[in-house]
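What the coordinates show
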Amino acid sequence: MVVYDRVHEMVGVVDDFIGPFVHLARPTGLTWQSRWVSVRPGTPYEQRQLRVLAALHRLRHKGLAEAGP
């Protein structure tokens, strides 16, 4: 589920709920936790933003793999 975290001002995907906290992740590998009351469902724009971020991350890593020894 794509959500927007008001405290960190970032869009992420819910990984897990533990008590009053929700664990979030971004396609870049960044993970963090926040209180569940500070997140809200992502808007269509924010969902698109996360998909584009994932595509950019894949593209950058593809370029690094090709530049290897």
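It should be noted that the structure appears before, not after, this text.
Residues numbered from 1 in each chain as written. Predicted model: local features only at pLDDT ≥ 70, side-chain atom pairs only at ≥ 80, totals over all residues. Heavy atoms only, no water.

Before going further, it helps to spend a moment on the sheet that holds strand S5 (residues 39-41). To summarise the sheet geometry, strands pair through backbone hydrogen bonds and adopt either a parallel or an antiparallel arrangement. Pairing in this open sheet of five strands is antiparallel, and the strands run S4-S3-S2-S1-S5 from one edge to the other. Each having just a single partner strand, strand S4 (31-35) and S5 make up the two edges of the open sheet. The sheet shows a mean angle of 50° between the axes of neighbouring strands, direction not considered. Note that strand S1 (residues 2-5) and strand S2 (residues 10-18) share four bridges and pair antiparallel. Note that in S2 the partner of Val-2 across the bridge is Val-13. (Pairing = 2+ DSSP bridges. Helix = DSSP H or I, 4+ residues; strand = E, 2+ residues; numbered from the N terminus. Axes fitted to C-alpha atoms, helices over the stretch in contact; angles between N-to-C directions.)

This paragraph deals with the pattern of salt bridges. Under the defined criterion, the tally for this structure stands at one salt bridge. Taking the shortest distance from any N to any O, the salt bridge between Glu-46 and Arg-40 comes out at 2.9 Å. (Salt bridge = Lys/Arg side-chain N within 4 Å of Asp/Glu carboxyl O.)

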